[in-house]
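Each chain is listed here by its residues.
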Amino acid sequence: MYIEYLKLINYRNYEMLDLKLTKEANIFIGDNAQGKTNILESIYLASLGKSHRTKRDKELIMWNSEAAYIQIYVCKERLNKKIDMKIFKHGAKGLNINSIKVNKLSELIGALNVVMFSPEDLKIVKESPVYRRKFLDIELCKLSKAYLHNLTQYKKALGERNAALKKINNKELLDIYDMTLASFGIKIIKDRIEYIKNLNLYGKKMHKDITQNREVIEFRYISPLNEITEEELYKLFVKNRERDMFNKSTNVGPHRDDFEIIINEMDTRIYGSQGQQRTAVLTIKFASLKVIKHITGEYPVLLLDDVLSELDSNRQRYILNSIKDVQTFITCTGISDIREHISGETKVFLVNKGHIDEIT
Ligand SMILES: Nc1ncnc2c1ncn2[C@@H]1O[C@H](COP(=O)(O)OP(=O)(O)OP(=O)(O)O)[C@@H](O)[C@H]1O
């Protein structure tokens, strides 16, 4: 799939923007704080219903305006999509897909798929399990309404169980919550394990290519359960009840699971060098692109926010060679570093204080 056209009105520092895009590389250059990331953010928002940078939609609206508006035309192999999104100051969003009003943001699933890669993604490799779970959940929600539903129901039951843990004599209620958590939790774990399998399928080969056969990468899902059945998961919740009551929170379950990123048999989070950690995240992001293609039959749109300058020439070449069939949006402060690797149909845009001029 690719985006043919983007329109923004009163979005961040864009009062009015009309952009016709190429289905290959779209490069946005400009000094800091001119509005390059704002473009990528608006595309991410139209894909997932929320910004990758903020939870407060108010920030997305141009100062002193009442609402922001995004319109995107997506060309797809089957049915093209037109997404119209309006963001209001009081927090609500209006959404139309192909001119039909939809009430749930989950209807966006599949209309426009994106993979965003920004310097922040290094957290997936370097920091706490929260970031790895978030990565898995976002990727799986892009691919499946059922996963989004299971995750929402699981989180709801988890909040209720945690509240119940604070009261005494709540065995019956806890029984119900534990059954609900086991029923949704098992689906979440199974989908994540399947996703990790696919990540290995594409990531292993890719990582070998990037590192010229020097490194072997492997992803392993980490959960206290070897036996993945609903009954086993239920028993685990029950077994942990006493401890959970003492801690007043639920200490096991998919909301505490993790996945390890192993390079040459070592845990990259703990022992990996800066360079290895950067390459691991590059592999994860590009493998996730392939997983989307594997499952949906179409490549998503790739958003590269300020990542090329952080990589050496070999890795830049690898990225720019592997995006040939993928519409890509690249932000950078200058093009001189990457010009030698760019081929095909490319548009270069100069971004200056919320205005954009095409310069090729
Ligand atoms: N709600 C808003 N209304 C108006 N302008 C805004 C709003 N939110 C952010 N901005 C402006 O957008 C600009 C930042 O845009 P963006 O984050 O896209 O920068 P960038 O070009 O990607 O810069 P960098 O290279 O430093 O990452 C800043 O000038 C900021 O003042």
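Residues numbered from 1 in each chain as written. Predicted model: local features only at pLDDT ≥ 70, side-chain atom pairs only at ≥ 80, totals over all residues. Heavy atoms only, no water.

Naming follows an unreviewed UniProt entry, where the protein appears as DNA replication and repair protein RecF of Oceanirhabdus seepicola. Here is the UniProt Sequence similarities (unreviewed entry) comment for the protein, exactly as written: "Belongs to the RecF family." Listed under Function (unreviewed entry) in UniProt, the entry text for the protein is "The RecF protein is involved in DNA metabolism; it is required for DNA replication and normal SOS inducibility. RecF binds preferentially to single-stranded, linear DNA. It also seems to bind ATP." (UniProt positions renumbered as here; feature names shortened; annotations may be inferred.)

(A) Expanded view of the sheet that holds strand 15 (residues 355–358). Sheet architecture is open: six strands sit in the order 8-12-13-3-14-15, paired in mixed fashion. Of all strands in the sheet, those with a lone pairing partner are strand 8 (114–117) and strand 15, marking the two edges. When the angles between neighbouring strand axes are averaged without regard to direction, this sheet yields 20 degrees. Where strand 14 (residues 346–352) meets strand 15, four bridges bridge the pair, whose relative direction is antiparallel. Opposite Leu350, over in strand 15, you have Asp357 as the bridge partner. On the sheet, helix 9 (residues 274–296) packs against strand 8 and strand 12 (301–305) and is oriented at approximately 175 degrees with respect to strand 8. (Pairing = 2+ DSSP bridges. Helix = DSSP H or I, 4+ residues; strand = E, 2+ residues; numbered from the N terminus. Axes fitted to C-alpha atoms, helices over the stretch in contact; angles between N-to-C directions. Contact = heavy atoms within 4.5 Å.)

(B) Representation of the packing of aromatic side chains within the structure. A full pass over the atoms with the stated rule returns six aromatic pairs. When the ring of Phe135 is compared with that of Tyr195, the centres are 6.2 Å apart and the planes differ by 70 degrees; the resulting orientation is edge-to-face. Taken together, the residues Phe135 in helix 3 (residues 129–143) and Tyr195 in helix 5 (residues 171–210) connect sequence positions 60 residues apart. For the pair Phe135 and Tyr195, one class covers both residues: buried. Arranged with centres 6.2 Å apart and planes meeting at 45 degrees, the rings of Phe135 and Phe259 form a pair that is tilted. Of the two residues, Phe135 is situated in helix 3 and Phe259 in strand 10 (residues 258–263); the sequence distance between them amounts to 124 residues. Judged by relative accessible area, Phe135 falls into the buried class, the value being 5%. The buried category is assigned to Phe259, whose relative accessible area is 1%. Linked through ring pairs, Phe135, Tyr195, Phe219 and Phe259 together constitute an aromatic cluster. Across the ring face of Tyr299, the terminal group of Lys293 is positioned such that the distance to the ring centre comes to 5.5 Å. (Phe/Tyr/Trp six-rings, centres within 6.5 Å; stacked < 30°, edge-to-face > 60°. Buried < 20%, exposed > 50% of the residue type's maximum accessible area, 1.4 Å probe, protein only. Lys NZ or Arg CZ within 6 Å of the ring centre and 35° of its normal.)

(C) Representation of helix 6 (residues 230–239). For helix 6, every residue scored as buried is listed here: Leu233, Leu236 and Phe237. Viewed along the axis of helix 6, the buried residues span an arc of 100 degrees, placing them on a single side of the element. Opposite the buried face of helix 6, by more than 90 degrees, sit the exposed residues Glu231 and Lys239. In this structure, the buried residues of helix 6 make contact with helix 4 (145–165), helix 5 and helix 7 (241–247). (Arc of directions from axis to C-beta.)

(D) Main features of the packing of helix 4 against helix 5. Between helix 4 and helix 5, whose axes approach to 9 Å, the crossing angle comes to 145 degrees. Considering only the axes of helix 4 and helix 5, their crossing is left-handed. In contact with Tyr147, His149, Asn150, Leu151, Gln153, Tyr154, Ala157, Leu158, Glu160, Arg161, Ala164 and Leu165 of helix 4, helix 5 contributes Leu174, Tyr177, Asp178, Thr180, Leu181, Phe184, Gly185, Lys187, Ile188, Asp191 and Arg192. Counted by class, the contact of helix 4 with helix 5 contains twelve nonpolar, five polar and six charged residues. (Left-handed = near helix turned anticlockwise from the far one by under 90°. Nonpolar A, V, L, I, M, F, W, Y, C, P; charged D, E, K, R; others polar.)

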